[in-house]
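Each chain is listed here by its residues.
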Amino acid sequence: MAVLKVKFNQKKRVKLAQGLWLMNWFSVFAGILVFSMGLFLKIELRKRSEVMDNSESHFVPNCLILMGMLSCAFNGFAGKICHDSLDPAKFVKWKPLLKPYLALCFIFNILIFFVALICFLMRGSLDSTLAQGLKNGMKFYRDTDTPGRCFMKKTIDMLQIEFKCCGNNGYKDWFEIQWISNRYLDFSSKEVKDRIKSNVDGRYLVDGVPFSCCNPSSPRPCIQYQVTNNSAHYSYDYQTEELNLWLRGCREALLHYYSSMMSSMGAIVLLVWLFEMAVTVGLRLLHTSLESITNPEDPECESEGWVLENSLKDTFRSALENLKKIGKFNQVEADAEGGGGEDGGKTQTVATVS
């Protein structure tokens with residue numbers, strides 16, 4: 001029993017072809033939208049590539065760019081087919097290509113669906129990438145005189161100001177690294193010497209943070225040094241008082257920013273997938289309705305269109321049988337080649353003995 005079987009007359013076939021032609025051009029614009037989203041996401045990721053550990057995060061924008069390009073190509077080609085289907089003489093040349101083209105459309109729709117899922121599922125990979133990248137970036141914050149790293153201080157400061165965040169997981173991350181360059185330390189000072197000696201790695205660690213961690217909305221002047229020393233500041237208790245520093249870590253801020261962006265893009269790609277599925281089903285109905293015309297010389301005659309000629313179960317079973325036949329055919333060919341080689345060896349051996 002055919003799936004989604006519909007009867008068509010000439011008027012319905014024309015309306016279907018015209019509707020599909022219009023839908024395909026809408027799909028081309030949707031492909032341009034997907035391409036633009038991938039390009040925008042790639043640019044946004046490249047802006048902060050210094051605080052990302054690897055290039056895996058670019059997998060999503062690359063997929064969006066590829067799907068956008070393929071969508072434009074596939075739907076532009078389908079629009080041409082739908083336009084030519086109005087003229088039987090022009091449609092004849094497309095008949096041999098329609099079945100493989102519809103198979104490619106089916107594979108393309110599966111790929112679009114997986115790209116939409118990836119947009120929702122990349123949060124975990126992005127989390128680990130940001131965590132390690134920010135950790136490394138904070139270590140290089142002080143290297144303002146080192147070639148290749150001199151930009152890191154500006155990058156981290158601008159990041160903390162723009163996203164209203166501090167450190168990797170929080171402001172206390174700055175307590176565990178030396179973020180002040182040795183160039184600006186007075187090594188003749190007893191305090192500096194004591195701090196360096198008290199650390200196993202010989203680093204100058206302080207309970208302070210860079211200026212970019214300060215919250216400008218705070219009513220009191222920024223406390224960025226001796227953050228945990230209550231006696232160093234008047235009427236201050238760092239454990240109970242809300243600090244005038246950004247409390248949210250930059251990893252969380254960036255993860256929220258990129259995750260919300262990719263989730264929105266995933267929802268749009270999902271809508272594009274539904275639209276593409278509708279176009280593919282319409283193309284299949286148009287193809288089968290034109291193929292099933294009993295009298296090609298009478299364009300006014302009725303015909304039937306369907307999505308699947310048999311039921312889902314029968315179609316699946318037929319596909320499996322075809323795959324098995326292909327596998328057996330390849331095996332027979334391999335055995336034939338092996339048998340020919342053995343016969344040749346035997347003949348050569350007999351000839352040598354003679």
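The residue count restarts for each chain, going from 1 along the sequence in the order it is written. With the structure being a predicted model, the display of local features is reserved for residues of pLDDT at least 70 and the display and counting of side-chain atom pairs for 80 or more, all residues being used for whole-chain, interface and lining totals. Only hydrogens and water are removed before side-chain values are computed, so all heavy atoms of the structure are retained for them.

Identification of the chain as Peripherin-2 from Oreotrochilus melanogaster is taken from an unreviewed UniProt entry. UniProt positions are given in the numbering used here, feature names are shortened, and annotations may be inferred rather than shown by experiment. Taken from UniProt, the Sequence similarities (unreviewed entry) comment for the chain reads in full: "Belongs to the PRPH2/ROM1 family."

Q: Teacher, can you tell me more about the nonpolar core here?
A: A general tendency of soluble globular proteins is for nonpolar side chains to be buried together. Of all hydrophobic cores here, the largest spans 78 residues; its most connected members are Leu41, Leu64, Tyr171, Trp174, Val209, Leu254 and Leu283. Working definition: helices are DSSP H or I runs of at least four residues, strands are E runs of at least two. Numbering for both runs from the N terminus. Within the residue set of this core, elements represented by two or more residues are helix H1 (10-47), helix H2 (59-84), helix H4 (95-121), helix H5 (123-139), helix H6 (152-163), helix H7 (190-197) and helix H8 (250-291). With 16 residues, H8 is the largest single contributor of residues to this core. Mapping this core onto the domain boundaries places at least three of its residues in each of domain 1 (3-137 + 252-309) and domain 2 (171-247). We call two residues in contact when some of their heavy atoms are within 4.5 Å. Apart from residues lying up to four places away in sequence, Tyr171 is in contact with Cys166, Val209, Val227, Tyr238, Leu243, Leu245, Trp246 and Leu247. Definition of nonpolar core: a set of buried residues of the types Ala, Val, Leu, Ile, Met, Phe, Trp, Tyr and Cys, connected through side-chain atoms within 4.5 Å. Burial classes: relative accessible area under 20% of the type maximum marks a residue as buried, over 50% as exposed, and values in between as partly exposed (1.4 Å probe, protein chains only). For the domain bounds, the source is a domain assignment made automatically or taken from a database.

Q: Even after reading the chapter, I still don't get the packing of H2 against H8, so can you show me in this structure?
A: Each pair of packed helices can be summarised by the angle the axes make with each other and by the distance between the axes. As a rule, the C-alpha atoms of each element are fitted with a line to give its axis, helices using only the stretch in contact, and angles between N-to-C directions run from 0 to 180 degrees. Axis separation between H2 and H8 bottoms out at 12 Å; the angle between their running directions is 25 degrees. Viewed along their axes, H2 and H8 adopt a mutual orientation that is roughly parallel. At the point where H2 passes H8, the crossing takes the left-handed sense. Residue-level contacts link Val60, Leu64, Ser71, Asn75, Ala78 and Cys82 of H2 to Met262, Met265, Val269, Glu276, Val279, Leu283 and Leu286 of H8. Roughly parallel covers angles under 35 degrees, roughly antiparallel covers those over 145, roughly perpendicular covers 65 to 115, and oblique covers all other angles. Crossing handedness: left-handed means the near helix sits turned counterclockwise from the far one by under a right angle, and right-handed means the same turn made clockwise.

Q: How should the packing of H6 against H8 be read in this particular structure?
A: Running from N to C, H6 and H8 point in directions that differ by 65 degrees, and their axes come no closer than 10 Å. One way to sum up the angle between H6 and H8 is to call them roughly perpendicular. Considering how the two elements wind past one another, H6 and H8 form a crossing that is left-handed. Of the residues in H8, those in contact with Leu159, Gln160 and Phe163 of H6 are Cys250, Ala253, Leu254 and Tyr257. By residue class, the composition of the contact of H6 with H8 is 6 nonpolar, 1 polar and no charged. Under the grouping applied here, Gly and all other residues not named as nonpolar or charged are polar, the nonpolar ones being Ala, Val, Leu, Ile, Met, Phe, Trp, Tyr, Cys and Pro and the charged ones Asp, Glu, Lys and Arg.

Q: Mind showing me how you'd approach the environment of Val60 here?
A: With respect to the helices and strands, Val60 occurs in helix H2. The class of Val60 is buried, set by a relative accessible area of 1%. It is 8.4 Å that separates the C-alpha atoms of Val60 and Met262, two residues lying 202 residues apart in sequence.

Q: Hey, could you run me through the state of the cysteines in this one?
A: Working definition of a disulfide: a covalent bond connecting the sulfur atoms of two cysteines. Criterion for a disulfide: a pair of cysteine sulfur atoms at a distance within 2.5 Å. With the rule as written, the count across this model stands at 3 disulfides. Between the sulfur of Cys165 and that of Cys250 lies a disulfide, 2.1 Å long from S to S. Of note, the bridge from Cys165 to Cys250 carries an S-S torsion of about 85 degrees and is right-handed in sense. Highlighted residues: Cys165 in the loop between H6 and H7 and Cys250 in helix H8, separated in sequence by 85 residues. Comparing Cys165 with Cys250 shows no difference in burial state: the two are buried. Here Cys214 engages in a disulfide with Cys222; their sulfurs sit 1.8 Å apart. Here the S-S torsion is close to -65 degrees, and the disulfide linking Cys214 with Cys222 is therefore left-handed.

Q: Can you walk me through H4 in this structure?
A: The α-helix winds at 3.6 residues per turn, so residues separated by three or four positions along the chain end up facing the same way. Between the first and last residue of a helix there are one fewer steps than residues, each counted as 1.5 Å, and that sum is the expected span. Over its 27 residues, H4 runs 40 Å from end to end, which matches the ideal 39 Å to within 8%, given 1.5 Å per residue. Among the residues making up H4, those that are buried are Leu98, Tyr101, Leu102, Cys105, Phe108, Asn109, Ile112, Val115, Ala116 and Cys119.

Q: Can you walk me through the packing of aromatic side chains in this structure?
A: Each pair of aromatic rings is reported with the distance of its centres and the angle of its planes. Stacked, edge-to-face and tilted are the three classes for Phe, Tyr and Trp ring pairs, Trp counted by its six-membered ring, which pair at centre distances within 6.5 Å; planes under 30 degrees apart are stacked, over 60 edge-to-face, the rest tilted. This model, assessed by the stated rule, comprises 12 aromatic pairs. Seen from their ring centres, Tyr171 and Phe175 are 5.9 Å apart, and the 75 degrees between their planes marks the pair as edge-to-face. By relative accessible area, which is 11% here, Tyr171 ends up buried. The exposure class of Phe175 is buried, given its relative accessible area of 16%. Residues Tyr257 and Tyr258 carry aromatic rings whose centres are separated by 5.1 Å and whose planes lie at 65 degrees to one another, so their mutual orientation is edge-to-face. Classification of Tyr258 by relative accessible area gives buried; the value is 0%. Among the aromatic residues, ring-to-ring pairing joins Phe74, Phe77, Tyr101 and Phe108 into one connected group. Positioned over the ring face of Phe140 is Arg149, at 4.0 Å from the centre of the ring. Throughout this description, the term charge over a ring refers to an Arg CZ or Lys NZ atom that lies within 6 Å of the ring centre and within 35 degrees of the ring normal.

Q: Just checking my understanding: could you explain the side chain of Asn109 for this structure?
A: With respect to the helices and strands, Asn109 occurs in helix H4. When residues no more than four places from it in sequence are discounted, the contact partners of Asn109 are Trp273, Glu276, Met277 and Thr280.

Q: Quick question: what am I supposed to make of the UniProt feature "transmembrane region" (unreviewed entry) in the chain here?
A: The positions UniProt marks with the feature "transmembrane region" (unreviewed entry) are residues 20-41, 62-81 and 101-122. Each end of residues 20-41 is marked by a C-alpha atom, and these two atoms are 31 Å apart; helix forms 100% of the span and strand 0%. Across residues 101-122 one finds 95% helix and 0% strand; the C-alpha atoms that close the span lie 31 Å apart.

Q: Please explain the side chain of Ser259 as it appears in this structure.
A: Locating Ser259 in the fold gives a position in helix H8. Only 3.3 Å separates the side chain of Ser259 from the side chain of Arg123, close enough to count as a polar contact. Between N or O atoms, a polar contact is any pair within 3.5 Å; within protein, one atom must be a potential hydrogen donor and the other a potential acceptor, and residues adjacent in sequence are included only when both atoms are from side chains.

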